[in-house]
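# Architecture at a glance
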Amino acid sequence: MSGLLVVRPGALTTVQDGGRPGYAQLGVPRSGALDTAAYALANRLVGNQPDAAALETTVDGVGLRALAPVTVAVTGAPCSVRVAGRPVAWGAAVRLAADAELEVGRAESGLRGYVAVRGGLAVPPVLGSRSTDLLSDLGPPVLSAGTVLPVGPPGPDPVPGADACGLPAAPSELLLPLWPGPRADWFTEASLAGLWRSVFRVSPKSNRIGLRTEAGPPLVRGRGGELPSEGMVLGAVQVPPDGLPVVFLADHPVTGGYPVVGVVPPGPALDAAAQARPGTPVRFLRSR
């Protein structure tokens, strides 16, 4: 049997792929890997299709045992990687013999790591995706010890890992380009002007649903009342009653009733948000 046995599940390890876009009308979030560049690199290193399912770890890695020979790669947050107790390369294809244990260690910087296996994780898809969605509880459950993860048939030969060094380091300061709107007019002009000058911090309450901020000056509303629920997109920056911006990530809700001051476009900035640890300074940069 080709598969991986979960020996140590880590703080929060989930199966993720490219997500399940296109179901917002059913109330289903997009989900998928948070650091899209690190996820894509892991699959590329083992010769997978770009949307093959892989593991996303959080802070302290994961421990796995190969039930048959497999090839894996670990990317994302830099960490120690060991096979059968011996150090092996991070950011490169590594061969595991049957019964060998892979130990992905604690993140040295950043938050989230990615473990791809040649052939991809063949857990049953839900609405076309194998991603775990923490908000709607779709997809496979969060990993627990003793879980067996089936592995699909191998694809092409793994590729060299020379581009692993191209992954950016975890941000010492998170710079988020922001397209103002659609509800920027719900805030005072002085408050909006202050937004571009202010420094917030990543809150420990952040998760896959959203990156919460703290410590910065609250945004002040210029009008009263409440909004009806309206659609949300990846990267939407919603402002709850405390005035501190929340950046919606992959497991975000599809609707919300608080005003959205702007949107962070998909790309490197949201990948960096996936690796920003609590306490990291956050600045919003007016993008257009």
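See the structure above.
The following refers to the structure shown. (Residues numbered from 1 in each chain as written. Predicted model: local features only at pLDDT ≥ 70, side-chain atom pairs only at ≥ 80, totals over all residues. Heavy atoms only, no water.)

Time to look at the pairing of strand E10 (residues 112-117). With respect to burial, E10 is a largely interior element, six of its six residues being buried. The side-chain alternation of E10 yields two buried faces, one formed by Arg112, Tyr114 and Ala116 and the other by Gly113, Val115 and Val117. Pairing analysis gives four bridges linking strand E3 (residues 54-58) to E10, with the strands arranged antiparallel. Residue pairing across strands places Thr57 opposite Gly113, the latter belonging to E10. Where strand E5 (residues 70-76) meets E10, five bridges bridge the pair, whose relative direction is antiparallel. (Buried < 20%, exposed > 50% of the residue type's maximum accessible area, 1.4 Å probe, protein only. Helix = DSSP H or I, 4+ residues; strand = E, 2+ residues; numbered from the N terminus. Pairing = 2+ DSSP bridges.)

Moving on to the sheet that holds strand E2 (residues 14-16). The strand order E2-E3-E10-E5-E8 describes an open sheet built from five strands, whose pairing is antiparallel. Pairing within the sheet leaves two strands with one partner each, and these edge strands are E2 and strand E8 (94-96). With direction set aside, neighbouring strand axes in the sheet form an average angle of 35 degrees. Each of E2, E3, E5 and E10 touches helix H1 (residues 36-45); the most contacted strand, E5, lies at about 155 degrees to it. (Axes fitted to C-alpha atoms, helices over the stretch in contact; angles between N-to-C directions. Contact = heavy atoms within 4.5 Å.)

For helix H3 (residues 268-275), a buried count of six out of eight residues is recorded, marking the element as mostly surrounded by other parts of the structure. Taken together, the buried positions of H3 are occupied by Ala269, Leu270, Asp271, Ala273, Ala274 and Gln275. Those residues of H3 that are buried lie in contact with H1, E5, E10, strand E12 (174-180), strand E14 (210-214) and strand E17 (246-248).

Spatially, the six strands line up as an open sheet ordered E7-E6-E9-E4-E1-E11, and their pairing is antiparallel. Among the strands making up the open sheet, the edge pair consists of strand E7 (86-87) and strand E11 (148-150). Bridge count between strand E1 (residues 3-8) and strand E4 (residues 62-66): four bridges; the pairing is antiparallel. Counterpart to Arg8 in the pairing with E4 is Gly63.

As a further point, take the pattern of salt bridges. The final tally for this structure, using the stated rule, is ten salt bridges. Across the pair Arg65 and Glu101 runs a salt bridge, and its minimum N-O distance is 2.6 Å. Here Arg65 is found in strand E4, whereas its partner Glu101 is found in strand E9 (residues 101-104), with 36 residues between them in sequence. Classification of Arg65 as partly exposed rests on a relative accessible area of 27%. With its nearest N and O atoms 2.7 Å apart, the salt bridge here joins Arg283 to Glu173. Here Glu173 lies in the loop between E11 and E12 and Arg283 lies in strand E20 (residues 281-286), a separation of 110 residues in the sequence. For Arg283, a relative accessible area of 29% corresponds to the partly exposed category. Residues joined in a network through salt bridges with shared partners are Glu56, Arg112, Arg208 and Asp251. (Salt bridge = Lys/Arg side-chain N within 4 Å of Asp/Glu carboxyl O.)

We now examine empty space enclosed by the protein. The full count for this structure, using the stated rule, is one cavity of 30 Å³ or more. Its volume calculated, the largest cavity comes out at about 60 Å³. Along the wall of the largest cavity there are 15 residues; nearest its centre are Thr57, Ala77, Cys79, Gly105 and Gly113. Counting residues per element, the ones that place at least two in the lining of the largest cavity are E5 and E10. (1 Å grid on protein atoms, 1.4 Å probe; cavity = no way out; pocket = protein on both sides within 12 Å on 5 of 7 lines; lining within 4 Å. Points joined across faces, edges and corners; volume = space filled by probe spheres on them.)

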